[in-house]
Amino acid sequence: MRSSQFPLNTLKETPTEAEIISHQLMLRAGMIRRLASGLYTWSPLGLRVLRKVEAVVREEMEGIGALELLMPAIQPAELWQESGRWQKYGPELLRVKDRHDREFCVGPTHEEVISDYARRELKSYRQLPICYYQVQTKFRDEIRPRFGVMRAREFIMKDAYSFHADVESLRVTYQAMYDAYTRIFTRLGLKFRAVEADTGSIGGKGSHEFHVLADSGEDAIAYAVNGDYAANVEMAPTFPLKGGRAPATASLTRVATPNAKTIDEVAAFLNAPATKILKTLLVRGKETPVVAIILRGDHELNDIKATKHPLIADPFEFIPPAEAFTHTGANVGSLGPIGLNIPVIADFAAADCADFICGANEDGWHITGVNWGRDLPEPETADLRNAVEGDPAPDGQDKLAIARGIEVGHVFQLGTTYSEKMHCEFLDEHGKPATAIMGCYGIGVSRIVAAAIEQNHDDNGIVWPVPLAPFEVAIVPINGHRAPAVQAEAERLEAELTAQGFNVLLDDRGLRPGVAFADMELIGIPLRIVVSERGLAAGEYETRLRWESENKSIIADQLLAWIG
Ligand code: ATP
Ligand code: MG
Ligand code: MG
Ligand code: MG
């Protein structure tokens with residue numbers, strides 16, 4: 001490639017709108033240009049890097065037998081209503097209508113679409129396990145798009161979804177995916193850490209995030225200084241759900257179900273009978289509209305998994321019974337801390353384990369999943385939300401260190417969260433319909449490009465790890481337009497290296513050497529080869545590796561052996 005035909009629109013000045021180094025350098029190197037908030041065009045230069053990331057991701061996905069497909073970006077509302085996320089997802093979901101007034105969204109993720117695909121395609125357990133993936137454009141109407149492509153609204157994700165007949169098979173694929181992610185980030189030359197991620201109401205250790213370590217990272221991760229333990233600081237404790245009970249301050253999940261109008265509809269939504277219904281309550285002397293139901297039984301909270309962890313830093317504020325409702329064995333608590341300004345009732349004594357509490361306010365019904373009781377179980381995961389450097393490690397072996405990370409990947413054992421609601425079923429070996437068990441696995445392909453720059457830059461610009469470089473080699477002829485022998489040698493070398501499989505950029509713009517060098521450094525090309533009259537006379541090239549500060553003279557016919 002010749003720079004006379006490959007525009008390098010580099011900027012000398014740092015754009016003021018860019019807060020972090022990767023955003024600044026991507027703009028200065030001319031890799032991206034902003035169209036609108038959170039929307040970016042990838043230039044020919046930037047796209048070469050993005051494609052390199054994609055290529056490594058694809059190779060590793062194919063390597064574990066995942067099958068590439070491509071799903072639409074626009075998704076019908078009906079599917080999201082089936083999964084319950086049309087209500088839950090909130091304003092990050094961009095909703096649109098077609099000319100017939102039918103509702104759609106621009107997909108922020110594809111669990112619904114893949115579940116719909118799988119329920120049509122998968123007939124028998126013989127087809128399982130199976131794992132599909134795509135590299136595709138997502139849209140999330142982020143509340144604060146920032147840092148360029150790091151937190152964009154439109155971005156490229158590799159998303160994979162696996163389907164299984166049993167949990168053991170899910171674990172096997174999950175581990176294979178985890179290992180593939182480890183290879184991907186290693187091959188891309190990134191310093192990263194896999195951490196336990198919050199699984200919300202699903203509980204257990206069924207989810208990991210992969211973080212590129214960088215001070216600009218938006219997440220805090222806690223890890224054992226000398227051990228293996230590592231987790232996202234967002235981690236709230238999770239408790240074994242079945243048969244166990246957690247303290248009142250433990251995980252609460254909340255979903256709003258504005259569609260449900262009556263308590264019976266709520267009960268139907270939860271697929272469980274309402275055992276206690278109260279219509280009004282005297283709270284602090286005031287008649288307050290409250291409806292609470294306590295549902296008992298064998299529920300899993302992931303039936304009603306909330307979109308995000310609520311704010312439950314504070315324990316329940318319990319209103320003394322004397323001031324409030326008195327009922328045999330009942331207490332009244334306020335769910336203020338999780339943002340529900342309605343009182344709820346919890347029947348501790350009679351129902352020493354309540355699975356769900358529901359209340360209504362002007363937005364509709366709210367359902368809060370609660371596990372509590374007096375016999376507190378050991379949490380399955382630690383509470384790290386207030387963790388500080390030097391705390392003992394949750395695994396009891398070490399002290400905690402805290403670092404900043406950029407979430408570049410996320411793997412999740414979903415279980416039947418989606419497949420149950422969406423009736424994604426297959427016939428098992430006895431010919432009986434069974435619900436598919438799912439995993440989902442995302443990689444932020446476009447975010448990786450920015451994250452890599454956060455880790456690989458210096459005062460002169462980007463320092464690409466070789467596997468990510470848009471070109472591995474830059475050839476800079478000195479005064480090539482005036483010295484035909486120099487120009488001819490530069491072109492010969494370009495052809496030779498290209499034939500050897502290198503991506504080569506020949507800078508034939510005829511700029512002053514300092515200016516050409518500055519551009520090649522800014523865009524981060526790993527190897528610069530200078531062809532000059534003096535060098536030709538000596539039978540040498542002057543070379544510089546991007547991460548070194550000294551030139552090195554290489555005898556011309558030893559160059560290939562040296563690069564190789
Ligand atoms: P974050 O916590 O950064 O908002 P997320 O947990 O919402 O990310 P996931 O739903 O896990 O994201 O999506 C999978 C991957 O997609 C993330 O690990 C991340 O690398 C990438 N990603 C998510 N949101 C964005 C975004 N707004 N811009 C660029 N990449 C993103
Ligand atoms: Mg997000
Ligand atoms: Mg996240
Ligand atoms: Mg995530």
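Residues numbered from 1 in each chain as written. Chains lettered and ligands numbered in written order. Predicted model: local features only at pLDDT ≥ 70, side-chain atom pairs only at ≥ 80, totals over all residues. Heavy atoms only, no water.

### Quick word on the overall build of the chain
Within the chain one finds 13 helices and 31 strands. The buried share among the 564 residues of the chain stands at 55%. Taking the intrachain contacts of the chain between residues at least 6 apart in sequence as the baseline, contacts between residues at least 24 apart amount to 67%. Carbon together with sulfur atoms contributes 50% to the accessible area of the chain, which is approximately 25,500 Å² in total. (Helix = DSSP H or I, 4+ residues; strand = E, 2+ residues; numbered from the N terminus. Buried < 20%, exposed > 50% of the residue type's maximum accessible area, 1.4 Å probe, protein only. Contact = heavy atoms within 4.5 Å. Areas by Shrake-Rupley, 256 points an atom, 1.4 Å probe, with all protein chains shown as cover.)

### Some remarks on the site of ligand 1
In the neighbourhood of ligand 1, 14 residues make up the surrounding shell, with Glu-142, Arg-151, Ala-152, Glu-407 and Arg-447 lying closest. Within the side chain of Glu-142, a nitrogen or oxygen atom sits 2.8 Å from a nitrogen atom of ligand 1. Contact between ligand 1 and Met-150: a nitrogen atom at 3.4 Å from a main-chain N or O atom of the residue. For ligand 1, the protein covers 83% of the area, taking 580 Å² as the surface of the free molecule. (Near = heavy atom within 4 Å. Polar contact = N/O pair within 3.5 Å; in protein donor to acceptor, adjacent residues only side chain to side chain.)

### Some thoughts on the pattern of salt bridges
For the structure shown, the criterion picks out 26 salt bridges. Across the salt bridge formed by Arg-85 and Glu-112, the nearest N and O atoms sit 2.8 Å from each other. Here Arg-85, found in helix H4 (residues 85–88), pairs with Glu-112, found in helix H5 (residues 111–121); they are 27 residues apart in sequence, far enough to count as distant. With respect to burial, Arg-85 and Glu-112 carry one shared label: buried. Of the charged contacts in the structure, one is a salt bridge between Arg-492 and Glu-496, with a shortest N-O distance of 3.0 Å. Within this pair, Arg-492 and its partner Glu-496 are both found in helix H10 (residues 484–499), separated by four residues, close to a single helical turn. Through salt bridges that share partners, Arg-51, Glu-54, Arg-58 and Glu-68 make up one connected network. (Salt bridge = Lys/Arg side-chain N within 4 Å of Asp/Glu carboxyl O.)

### Thoughts on the side chain of Glu-111
Note on placement: Glu-111 falls in helix H5. Residue Glu-111 is classed as buried on the basis of its relative accessible area of 7%. A distance of 2.6 Å separates the side chain of Glu-111 from the side chain of Thr-109, its partner in a polar contact. Aside from chain neighbours lying at most four places away, what touches Glu-111 is Arg-85, Tyr-161, Leu-414, Tyr-418 and Cys-440.

### Section: the packing of helix H2 (residues 44–63) against helix H9 (residues 445–455)
At their nearest, the axes of H2 and H9 sit 9 Å apart, and the two run at 115° to each other. For the element pair H2 / H9, the angle class is roughly perpendicular. For H2 against H9, the interelement crossing comes out right-handed. Residues Val-49, Leu-50, Val-53 and Glu-54 of H2 form the contact with H9, whose participating residues are Val-445, Ser-446, Ile-448 and Val-449. Classifying every residue of the contact of H2 with H9 by side-chain character gives six nonpolar, one polar and one charged. (Axes fitted to C-alpha atoms, helices over the stretch in contact; angles between N-to-C directions. Parallel < 35°, antiparallel > 145°, perpendicular 65-115°, else oblique. Left-handed = near helix turned anticlockwise from the far one by under 90°. Nonpolar A, V, L, I, M, F, W, Y, C, P; charged D, E, K, R; others polar.)

### Topic: the nonpolar core
Core analysis: the biggest nonpolar cluster contains 70 residues, and Met-26, Met-31, Met-61, Tyr-181, Phe-185, Val-449 and Trp-464 have the highest contact counts within it. Those residues in contact with Val-449 that lie beyond four places of it in its chain are Met-26, Met-31, Trp-42, Val-49, Leu-50, Val-53 and Trp-464. Cys-105, Tyr-132, Phe-163 and Met-438 belong to the second largest nonpolar core, which has 28 residues in total. (Core = buried A, V, L, I, M, F, W, Y, C linked by side-chain atoms within 4.5 Å.)

### Focus: the environment of His-481
For His-481, the location among the structural elements is in the loop between strand E27 (473–477) and H10. Along the backbone, His-481 and Leu-511 are 30 residues apart, and their C-alpha atoms lie at a distance of 9.9 Å.

### Examining the coordination of the magnesium ion (ligand 4)
Looking at the metal site, the magnesium ion (ligand 4) is ligated by Glu-407 (OE) and His-410 (ND1), spaced 2.2 to 2.3 Å from it. In this structure the magnesium ion (ligand 3) is found 3.2 Å away from the magnesium ion (ligand 4), and Glu-407 serves as a bridging donor for the pair. (Donors = N, O, S within 2.8 Å, 3.2 Å for Na, K, Ca; no water.)

### Points about unusual backbone geometry
Residue Leu-128 is joined to Pro-129 through a cis peptide bond whose omega torsion reads -5°. Of note, Pro-129 is situated in the loop between H5 and strand E7 (130–139). The phi dihedral of Asp-101 is positive, around 70°, even though this residue is not glycine. Summarising the element assignment, Asp-101 is placed in the loop between strand E5 (94–97) and strand E6 (103–106). Look at Asp-101 and you get exposed, because its relative accessible area is 55%. Of note in this structure, Asn-479 is not a glycine but carries a positive phi near 55°.

### Quick word on the side chain of Gln-24
Mapped onto the elements of the fold, Gln-24 is located in helix H1 (residues 21–28). The exposure class assigned to Gln-24 is buried, which follows from its relative accessible area of 18%. Setting aside anything within four residues of it in sequence, one finds Gln-24 in contact with Thr-14, Pro-15, Ala-18 and Glu-19.

### Regarding the packing of H1 against H9
Relative orientation of the contacting elements H1 and H9 amounts to 105°, with a least axis distance of 8 Å. Taken together, the axes of H1 and H9 are roughly perpendicular relative to one another. Counted together, Ile-21, Ser-22, Leu-25 and Met-26 of H1 and Val-449, Ala-450, Ile-453 and Glu-454 of H9 form the full contact between these two elements.

### Description of the packing of aromatic side chains
Under the criterion given, the structure shown has eleven aromatic pairs. A centroid spacing of 5.5 Å and a plane angle of 80° characterise the contact between Trp-80 and Tyr-89, whose relative ring orientation is edge-to-face. Grouping residues by exposure puts Trp-80 and Tyr-89 together as buried. Arranged with centres 5.4 Å apart and planes meeting at 80°, the rings of Tyr-117 and Tyr-132 form a pair that is edge-to-face. In this pair, Tyr-117 sits in helix H5 while Tyr-132 sits in strand E7, placing the two residues 15 residues apart along the sequence. Of the residues examined, Tyr-132 reaches a relative accessible area of 7% and is grouped as buried. Linked through ring pairs, Tyr-178, Tyr-181, Phe-185, Phe-192 and Phe-210 together constitute an aromatic cluster. (Phe/Tyr/Trp six-rings, centres within 6.5 Å; stacked < 30°, edge-to-face > 60°.)

### Structural notes on the pairing of E27
Successive side chains on a regular strand alternate, one facing one side of the sheet and the next facing the other. Within E27, five of the five residues are buried, which leaves it mostly tucked inside the rest of the structure. Side-chain alternation along E27 places Val-473, Ile-475 and Pro-477 on one buried face and Ala-474 and Val-476 on a second face that is also buried. Summarising the sheet, E27 and strand E28 (residues 504–506) pair through three bridges and their orientation is parallel. Opposite Ile-475, over in E28, you have Leu-506 as the bridge partner. Remark: the E27/H10/E28 crossover connection has right-handed handedness. Where E27 and strand E29 (residues 527–531) come together, five bridges link them in parallel fashion. From the neighbouring strand, Ala-474 faces E29, where its bridge partner is Arg-528. (Pairing = 2+ DSSP bridges. Right-handed = clockwise from strand over helix to strand, strands pointing away.)

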